[in-house]
Amino acid sequence: MMTPRPISSQDHSLVRRLYGDPERMASIGPAMTHPQIERLMQERLKPWHPQADHWGCWVLHTEQQALGIVGARRLPMEQATAEVGFMLLKQGEGQGLASQGLDWLCQRAFTEWKLERLVALCLPDNQRSIRVLRGRGFHEGYRLPESVPWGTSFRDGVVYLRDRD
């Protein structure tokens, strides 16, 4: 059974293992450096509310260990819309944790936070994430050419959409 909880300073190792691992980041972007991870962690630890302009982050954990994260951030240019994301450690894959975490996040976004639309940016070749998104009711919306920073260049991204039922 997975239970999400707000990220805390004790989750620094988890964030480092997710964002600093080239294999984990292979379908998301380049692995982050130590200073980049430190900045990211400081942002994730800021108090969050649905109108905040930074990411809110929750840790996905089982009784044994923390295995991943889900997050959301309000999009400033879109009324009642938030971007969502998720990442798992390798040992968390294949257990339905990403789906459970995304279900939890969508339920809160649409009922408690009163959002109308959720979006997720994904690389077109990230088939695992695409399967999770489609399985949770997201559909392919549109392609953003050269929108994902990738080292010294950019890659195309695809935006997946889910509207409140």
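This is a predicted model, so every value here is computed, not measured. For every chain, the first residue of its written sequence is number 1, and the numbers climb from 1 along that sequence. For this predicted model, a pLDDT threshold of at least 70 governs which residues receive local features, and a threshold of 80 or more governs which side-chain atom pairs are given and counted, while totals over whole chains, interfaces and linings are taken from all residues. The basis for every side-chain value is the complete set of heavy atoms in the structure, and neither hydrogens nor water enter the calculation.

**Looking at the layout of surface pockets**
Consideration 1: A cavity here means a set of points on a 1 Å grid, drawn over the protein atoms and nothing else, where a 1.4 Å probe fits but cannot get out; a pocket is an open set with protein on both sides within 12 Å along at least five of seven lines, and a residue lines either one if it has an atom within 4 Å of a point. Grid points are joined across faces, edges and corners, and a volume is the space filled by probe spheres set on the points. Volume-wise, the largest pocket comes out at about 950 Å³.
Consideration 2: In this description a helix means any DSSP run of H or I spanning at least four residues, a strand means any run of E spanning at least two, and both kinds are numbered starting from the N terminus. Counting residues per element, the ones that place at least two in the lining of the largest pocket are α3 (34-44), β3 (66-74), β4 (81-88), β5 (117-122), α5 (127-135) and β6 (139-150).
Consideration 3: Residue composition of the lining of the largest pocket, grouped by class: 21 nonpolar, eight polar and five charged.
Consideration 4: Here the second largest pocket is characterised by a volume of approximately 470 Å³.
Consideration 5: As for the second largest pocket, its lining consists of 23 residues, and the residues nearest its centre are Arg24, Glu93, Asn126, Arg128 and Ser129.
Consideration 6: Put simply, the parts of the chain that give the lining of the second largest pocket at least two residues each are α2 (22-25), β4, α4 (97-112) and α5.
Consideration 7: The greatest single-element share of the lining of the second largest pocket, amounting to five residues, is contributed by α5.
Consideration 8: Residue composition of the lining of the second largest pocket, by class: eight nonpolar, nine polar and six charged. Each residue is assigned to one class: nonpolar for Ala, Val, Leu, Ile, Met, Phe, Trp, Tyr, Cys and Pro, charged for Asp, Glu, Lys and Arg, and polar for all the others, Gly among them.

**Digging into the pairing of strand β2 (residues 56-61)**
Regular strands place side chains that alternate from one sheet face to the opposite one.
Consideration 1: In terms of residue burial, β2 counts as a mostly covered element, since six of its six residues are buried.
Consideration 2: Partly exposed describes any residue whose relative accessible area lies between the buried limit of under 20% and the exposed limit of over 50%, with all areas from a 1.4 Å probe on protein chains only and scaled to the type maximum. The side-chain alternation of β2 yields two buried faces, one formed by Gly56, Trp58 and Leu60 and the other by Cys57, Val59 and His61.
Consideration 3: Relative to β2, strand β1 (residues 3-6) runs antiparallel, the two being bridged by four bridges. Across the sheet, residue Arg5 finds its bridge partner in β2, namely Val59.
Consideration 4: Only when DSSP finds a minimum of two bridges between them are two strands counted as paired. Two successive antiparallel strands, β2 and β3, enclose a turn made up of four residues.

**Some points on α3**
Consideration 1: Taken as a whole, α3 has its buried residues at Ile37, Leu40, Met41 and Arg44. One side of α3 carries all its buried residues, which in axial view fall inside an arc of 100°. Away from its buried face, by an angle of more than 90 degrees, α3 presents the exposed residues Arg39 and Gln42.
Consideration 2: In what follows, a contact means two residues having at least one pair of non-hydrogen atoms within 4.5 Å. Buried residues in α3 make contact with α1 (12-19) and β2. Note: the arc covers the axis-to-C-beta directions of the helix.

None of this, on its own, says anything about what the molecule does.
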